[in-house]
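Structural description and commentary
Read off the chains here:
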Amino acid sequence: GLATAAPVIIIPPGERGIGIAVGSAGGTIDLVSFSVPTAQIGNGVPIAGDKTIYLEVGAQLPNNTPVLLTADTVLPLADGIDSIPFSEITLLGSFGTATVGGSCTSSMPGLGNFGPIALGGGAGQIIYSFPVNAFNGQRDSACSVLSFTYANTQNVAAGTYAGRVRFTVTAP
């Protein structure tokens, strides 16, 4: 499955399947902003994103089936004239409550805590890999709260730079 917002994960009993939910429900694409004061542009002091995003992977697959979470960041963050490479953005996964989308308290093996990982790997950058630990073919899920940080090492013009990360989950 591929998502930029939080769909509901539905896998009918007895069927193989995998799904992903990211951020808010209702098809909204959630926005994470980084506010860099003009005097601090490019000084190398990292800037935390203004919100965290909930991510959940649900699967009904045979035990120990490997699941891959990937991110696509093909285009840089851009303001129409200048750009910032996605390699300036790092991603960290953890348990807790997201600003957008929900709470991740699962102690189940899987996503949870990972990173930090520098984005910018283009299409299909592997973010995390974990095995499904289903019990007799029952649904398994794992969740994480995603936080983002801007490295702030680029000396760019002041402006609003926009870009999109698309997350995909796959299993053989």
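Here the residue index of a chain counts from 1 through its sequence in written order. Only residues with pLDDT of at least 70 get local features here, since the model is predicted, and only at 80 or more are side-chain atom pairs given and counted; chain-wide, interface and lining totals rely on the full set of residues. Excluding hydrogens and water, the side-chain figures rest on all heavy atoms present in the structure.

Brief notes about the overall build of the chain
Looking only at helices and strands, one finds zero helices and 14 strands in the chain. Relative accessible area decides the class of each residue, using a 1.4 Å probe on protein chains only: under 20% of the type maximum gives buried, over 50% gives exposed, and in between gives partly exposed. Counting only residues that meet the buried cut, the chain has 40% of its 172 residues in that class. By the criteria applied, helices consist of DSSP H or I runs no shorter than four residues and strands consist of E runs no shorter than two, each listed in order from the N terminus.

Considerations on the pattern of salt bridges
One side-chain nitrogen of Lys or Arg within 4 Å of one carboxyl oxygen of Asp or Glu is enough to make a salt bridge. Here the structure, examined in full by the defined rule, presents one salt bridge. Between K51 and D50 there is a salt bridge; the shortest N-O distance is 3.9 Å. On the accessibility criterion, D50 (46% relative accessible area) is partly exposed.

A look at the environment of A48
The topology assignment puts A48 in strand β3 (residues 47–48). C-alpha of A48 to C-alpha of V36: the two residues are twelve residues apart in sequence and 9.7 Å apart in space.

Side note on the nonpolar core
In this text, buried Ala, Val, Leu, Ile, Met, Phe, Trp, Tyr and Cys residues form a nonpolar core when linked through side-chain atoms within 4.5 Å. If you look at the biggest cluster of nonpolar residues, it comprises 33 residues, and the most contacted ones within it are L119, F148 and F167. Within the residue set of this core, elements represented by two or more residues are β2 (17–22), β4 (53–60), β5 (66–72), β8 (89–94), β11 (114–118), β12 (125–131), β13 (140–150) and β14 (166–170). Core analysis: the second largest hydrophobic core is formed by five residues, Y54, A98, C143 and V145 among them.

Re unusual backbone geometry
For residues other than glycine, phi is negative in most cases, and the peptide bonds are mostly trans. With phi around 60°, N152 is a residue other than glycine that occupies positive phi space. As for its placement among the helices and strands, N152 is situated in the loop between β13 and β14. For N152, a relative accessible area of 0% puts it in the buried group.

Here's the deal with the pairing of β2
Counting buried positions along β2 yields five of six residues, so the element is predominantly enclosed. Summarising the sheet, β2 and β4 pair through six bridges and their orientation is antiparallel. Each residue of the ladder has a partner; that of V22, found in β4, is L55. Between any two strands, pairing holds if DSSP finds at least two bridges.

Thoughts on the pairing of β5
Judged from the six bridges that link them, β5 and β12 form a sheet pairing that is antiparallel. Bridged to P66 within β12 is P131. Here five bridges tie β5 to β14, and the two strands are oriented antiparallel to one another. For L69, the partnering residue across the bridge sits in β14 and is V169.

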